[in-house]
Structures are given as C-alpha cells and as structure tokens.
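# Inside the fold
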Amino acid sequence: MQQFFITTGLLLVCLTASYSHETTNDDYHGIKCGFSEMSAKAKNGQILESRPSLSFTSISPSGRFAIHYDTQGPHAVPLADNNSNGIPDFVDSAAVYCDYSYEMAVTVMGYLPPPSDLNGGGTAEYDIYMKKVGEERNTYGLTQGEVTIGPGGEAGRKTTFIVIDNNFSADDRYVGQKVFYTTGFAALKVTIAHEFHHAIQLGAYGDNPSFTIFHEMASTWMEYRVYPEIPDYHQYLPRLFNNLAEHNFGDTGDYEAGYDYGIMGQFFYMRYGDELLRNVWENILTRQNPYLALASAFEAKGASFASEWCAFLPWFYYTGHRAKGDNYFAGASTYPEVNFGAVKTFSEPSASVTGTLRPLEFRFVRFLLPALGESTADTLDIGLTNINIQSAADRSLSPSLFTITCARQMFGNAVAVPGTSYFVEINNTDSYICALPPLVNSGYVIVSRGPFPNPCDPQQDGTVYFPVPNNAEIDTPVTLTVYNSALEVVYTRTGIFTVTNQLRVLPWDCRTNTGDRAGSGVYIFVTECNGSTQTGKIALISR
C-alpha cells in the first residue's frame, strides 16, 4: 500500500539568515537538564538533588518565586549590581525571567500553574536555587520532584523545585569539556523557560518516567515559544538531521531525542496554536499514554494522527537551501539539510531500495538519475515515515518493511514522476508507511548555452541569468564572477543554482559588489564548479 502526502512544485533556493547567541561552543558536552535522571531515580524511591542550602533569597517582582543564591564560595553568582539595589543583576534577571515564563505559560498559553510546594523551601513562593550544576552534573538545570500530591500521568503529580546553574559561564567544564552551548543571560532565560515547564508538567499534569522523551520535547519547545530569539535548540539539529533513524521520536526512553524533537512544537503551533500541546497534557492528566494523548488531541481538532504525522514529513526536507521561506520551520534556511538514509544510482531497467522503519521514524531516500541527451543529471528524493503510534505507545516498536522501486516505464501500481520519464512504486508489508510524492530537485532541464536576456537593460529587465557548468550537481556550490572590460572584478558570489525556464542558472541583479548598479558596457562572466568553468559575455544597456 502506498500513501502519498500531496505536495508539488519546484524546490526554491532561499538565502541563509543568521541567528546569534552569546556563545557557541563547538566542543560542548552538556546535557540540557537532569529530568530523565531525576525521573529514573524517582521510580526507585530516590532523589537526584536535595534542596541546596544557600545564603541569600530574593523574591521576584510578582511575588511568585524565591531565588536562592550565594555571593561567595563555589556556588557564587556573578556579583555585578548595576542598579545598586544590593542584589546581583544575575539574580534580579532570573527573577524577571521566572515571572515572564509564568506569564507566558499560564496566562498566555493557558497551562495550569505548578502547585504549592507545601512550604518546602520555608516560604510559600516557588523555589529556584542557583548552584554550579554545570560543573557538578553537566547540566543547565533540573527540576526535582518531591511530594506526590495526586493522580496524573504514569507516576502522579508532584511538588517540585528547580535548580539552575549559578553563572552559565563559557569557562565551565565537565570532564574537561565545555558544558554550555549558550551562555550567560541567554542561557539563563531558556533554562528557566525549560525547567519551569517541567515544573508545570510534574505538578499540574503528571510524571511519565517511561516517556521522558515527551517531557523533553515539550520543554525544549517551550524555550523557543518563550524566547524565539535564542536558538539554543540549534545544538540538537545536526545530530537529528544527520541520523533520523538513530534519533527517533518513537523511542520512548530516549530523552535526548526529546531535545531534538523540540522543533516539532513549531509544527503543532503553526497548525493549531498553543492549544494542541496543552490538550496533550490535559489528556495526560487523565493518565492517558502520552502518544495516545497526542492522537486524541488531533482527533479533538477533527484530524487524525496519521494525516498530521505525514504532514510533518516535508518539514524535514525543506531546510537549508531547499527552505521555502518560513512555510515550514522558522529560519529553516539556517537548519542542516537532512541526510539521506539510502542513496541509489539508477541503472536500467530499474533501481530499488529496501529497508525497515520503526514506529514514528522518518527516512529519506535518494535516487541519482543519469543525464538524458541534453538534459542534465538529477536526483529523485522520497521521504517516508511510519505512522504506527500504537506500537510506540505500547513500546513494542514493531518495524515495517518497505521497498521503493524506480523505473523508466510504467509497472504495477507505480506513479509517474512529474516532469520526468520515471515511475515510482512504494510497497510495504502493512498500512503504516506514508510517503512524500517523489520530488525531483529541479526537474530535468536543458543545459543553458549562454546568459539571458542578452543584451540586458538593468532597469527594465532587472536580472541576468548566467549558465552554470555542465558538471554542476544538485546542492553543489557554484561561483559566479563578473568582470568589466578592463578585467576588473565588479561582482562575485558563490551559491546554489536555481532553475528558470527549465535552465540551471545563477542570477545577477546587475549590481556590483558595492551595491551600485552596473553601467552600460560589455561584461565578461565566469561560472565555476568543481574545477569546470563556463565563460561568456553579456552586454548591459542602460536607457
């Protein structure tokens, strides 16, 4: 049975946007939080962290939070106090960030607040402790469950307190490696947003120690929802996009995959706003399995889990240079591009790829298509996922077998690949696999013989399109250099070619490297890719 999620159109090239945060460490080694370890210990009646004994306490402006800290010794916070109120700015900021996270989660998004900790910290406020958990535990922070106060989830609802790092320093090390991907005040913000959502989960809806992946997915999404300008979650993208098979949302106990799939919250939010994930936690409160709670939330919206999970599949494909603006992930052009689980070179009469998919796993397969006549070589990409959520819920993770066959003549139940002479059929042993329709990266196109329009009026035509070398393959950078008649470089750039009028080209807006419009005259161009070049002339005529 083959199910195709319907999507069409040529793939667009998008310019890469840039994000920044205070520090990016290429050799960081930290774990976002200690929730998974805490939850595992709780199953055995143990605790991960006792309430620290710290010297000072500051109450947040709302009166809801008590921030506990030291000013000297191993757990001392940064002592800068620019407003001279006698409280370190780092503590003042933490108090404001706590209030803001509460306002966003409870007032704006509609989550229930965490319950009172029964004065576990000595007062009625919710307690936040600052200590060097980065160097001690290799984490940004943790939320510790204490007293079970009622049913909910798999293991009941609990009172909690939060421990966060005392400075989020770029110099912090754990076993010789850096702890933090994001540092300083930016790390303080996202950590509070992340851990406070854990406090909401445990206190208002229930602990699920067998499904920590769900807790971490929701808390990592909350970082982005509260502070979208801080891309701390980018640290998880390379491992996810490089190996979707290893980092699978169906692996219930893989809490690190929960960090990876925090980006899934963007999909939920774009389609249903905050309500869908909140409904999931409301279902968990009734002790519903987290995966089935998600399916129920979709059903309450008149959708099915299968259709929605298939709809999420193209989000992984349209990243990097394939990004379609913000139609999928926000800032998708800054994301890595997905690694193909199998790459197969087509040879007559057909080519096939066979494999298995575990429940909720995503996989992308690429066929390399040969050049035909004047048409250039191309690629045919297919995305697959396994929609068997019941198997994920009961943790059996039964795989489904699939075979994809590509041929140049109609056969069986194959479907034609638009714009090509190829046909594709996807067979699987059950009804759990859905697929994107086959995507040809640019469609078969004709090799361009020269630039166009030529001559070009920059004011009227606006753009010149230069041919790329015949060996330019999909996703391969091509360099364009434009010289004036004195052989001086007036423009240069490197980028991925686009397709215009079935021609593979690099566009030029007739402006120089300084941004000025190029004047009338004859210009020489060179496009270069992997040692091969194409050269020619273009006349600009300004009227």
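As a reminder, the structure under discussion sits directly above these lines.
Here's a quick rundown of the structure. All of these numbers come straight from a predicted model, not from anything done at the bench.

Scanning the protein for helices and strands turns up twelve helices and 25 strands. With the C-alpha coordinates aligned to their principal axes, the bounding extent of the protein is approximately 80 × 60 × 40 Å. Residues classed as buried in the protein amount to 56% of the 543 residues present. For the protein, restricting intrachain contacts to residue pairs at least 6 apart in sequence, the fraction spanning at least 24 positions comes to 69%. For the protein, the computed accessible surface area is about 21,100 Å², with 50% contributed by carbon and sulfur atoms. Where the 34 positive side-chain charges of the protein centre and where its 55 negative ones centre are 5 Å apart.

Moving on, we get to the pairing of strand E7 (residues 157-164). The buried fraction of E7 amounts to seven of the eight residues, a majority that puts the element mostly inside the structure. Sheet analysis places strand E5 (residues 126-130) next to E7, joined by three bridges and oriented parallel. Counted as the bridge partner of Ile128 is Ile162 from E7. Here seven bridges tie strand E6 (residues 139-150) to E7, and the two strands are oriented antiparallel to one another. Counterpart to Gln144 in the pairing with E7 is Phe161. Two successive antiparallel strands, E6 and E7, enclose a turn made up of six residues, where Gly152 displays a positive phi of approximately 150 degrees.

Quick look at the pattern of salt bridges now. When the charged atoms of two side chains with opposite charge come close together, those side chains can pair. All told, the structure shown has 19 salt bridges when counted by the stated rule. Between Asp127 and Arg51 there is a salt bridge whose closest N-O contact spans 3.0 Å. Remark: Arg51 occurs in the loop between helix H1 (35-43) and strand E3 (56-59) and Asp127 occurs in strand E5; sequence separation between them is 76 residues. The burial state of Asp127 is the same as that of Arg51; both residues are buried.

Turning our attention to the sheet that holds strand E14 (residues 400-407). Read across the open sheet, the four strands follow the order E11-E14-E16-E15; overall the sheet is antiparallel. Of all strands in the sheet, those bounded by a partner on one side alone are strand E11 (350-357) and strand E15 (415-416).

Burial in helix H10 (residues 290-300) covers these residues: Pro290, Tyr291, Ala293, Leu294, Ala295, Ala297 and Phe298. Residues of H10 that are buried in the fold lie against helix H5 (212-226), helix H8 (264-272), helix H9 (275-285), helix H11 (305-317) and helix H12 (389-393). For H10, the side-chain oxygen to backbone nitrogen distance between the N-cap and Tyr291 is 2.9 Å, and the N-cap itself is Asn289. Phi turns positive, to about 80 degrees, at Gly302, one or two residues after H10.

Here E5 lies mainly inside the structure; five of its five residues are buried. The side-chain alternation of E5 yields two buried faces, one formed by Tyr126, Ile128 and Met130 and the other by Asp127 and Tyr129. Pairing analysis gives four bridges linking strand E4 (residues 65-69) to E5, with the strands arranged parallel. Paired with Ala66 across the two strands is Asp127, which belongs to E5. The parallel pair E4 and E5, bridged by helix H2 (residues 89-108), forms a crossover whose chirality is left-handed.

Looking now at the sheet that holds strand E24 (residues 521-529). The strand order across the open sheet built from four strands is E21-E20-E24-E25, with neighbouring strands paired in antiparallel fashion. A strand with exactly one partner marks an edge of an open sheet, and here the two such strands are strand E21 (489-495) and strand E25 (532-540). Within the sheet, the average angular offset between the axes of one strand and its neighbour, ignoring direction, is 15 degrees. Pairing between strand E20 (residues 478-483) and E24: five bridges, direction antiparallel. The residue bridging Tyr483 from the neighbouring strand is Ile524, located in E24.

Right, let's get into unusual backbone geometry. A cis amide bond, omega 5 degrees, links Glu348 with the succeeding residue Pro349. Position of Pro349 among the secondary structure elements: in the loop between strand E10 (342-345) and E11. Its identity is not glycine, yet Leu118 carries a phi of approximately 60 degrees, on the positive side. Tracing the chain through its elements places Leu118 in the loop between H2 and E5. The class of Leu118 is exposed, set by a relative accessible area of 59%.

Turning to the nonpolar core, a few remarks are in order. Counting 111 residues, the largest nonpolar core has Met130, Phe249, Tyr261 and Tyr291 as the members making the most contacts within it. Considering each element in turn, this core owes the most residues, twelve residues, to helix H4 (residues 184-205). Core analysis: the second largest hydrophobic core is formed by 20 residues, Val468, Ala472, Trp508 and Leu540 among them.

Relative orientation of the contacting elements H4 and H5 amounts to 135 degrees, with a least axis distance of 8 Å. For the element pair H4 / H5, the angle class is oblique. Crossing handedness for the pair H4 and H5: right-handed. Residue-level contacts link Val190, Ala193, His194, His197, His198 and Gln201 of H4 to His215, Glu216, Ala218, Ser219, Thr220, Met222, Glu223 and Val226 of H5. Split into classes, the residues belonging to the contact of H4 with H5 amount to five nonpolar, seven polar and two charged.

Before going further, it helps to spend a moment on the packing of H5 against H9. To describe two helices that pack against each other, one gives the angle between their axes and the distance between the axes. Remark: H5 packs on H9, axes separated minimally by 12 Å, with the N-to-C direction vectors making an angle of 150 degrees. Read as a crossing pair, H5 and H9 show a hand that is left-handed. Contacts from Phe214, His215, Met217, Ala218 and Trp221 of H5 reach H9 at Leu277, Val280 and Trp281. The residue makeup of the contact of H5 with H9, split by class, is seven nonpolar, one polar and no charged.

So, how was this worked out
- Residues numbered from 1 in each chain as written.
- Predicted model: local features only at pLDDT ≥ 70, side-chain atom pairs only at ≥ 80, totals over all residues.
- Heavy atoms only, no water.
- Helix = DSSP H or I, 4+ residues; strand = E, 2+ residues; numbered from the N terminus.
- Buried < 20%, exposed > 50% of the residue type's maximum accessible area, 1.4 Å probe, protein only.
- Contact = heavy atoms within 4.5 Å.
- Areas by Shrake-Rupley, 256 points an atom, 1.4 Å probe, with all protein chains shown as cover.
- Lys, Arg positive; Asp, Glu negative; His and termini not counted.
- Charge placed at Lys NZ, Arg CZ, Asp CG, Glu CD.
- Pairing = 2+ DSSP bridges.
- Salt bridge = Lys/Arg side-chain N within 4 Å of Asp/Glu carboxyl O.
- Polar contact = N/O pair within 3.5 Å; in protein donor to acceptor, adjacent residues only side chain to side chain.
- Right-handed = clockwise from strand over helix to strand, strands pointing away.
- Axes fitted to C-alpha atoms, helices over the stretch in contact; angles between N-to-C directions.
- Core = buried A, V, L, I, M, F, W, Y, C linked by side-chain atoms within 4.5 Å.
- Parallel < 35°, antiparallel > 145°, perpendicular 65-115°, else oblique.
- Left-handed = near helix turned anticlockwise from the far one by under 90°.
- Nonpolar A, V, L, I, M, F, W, Y, C, P; charged D, E, K, R; others polar.

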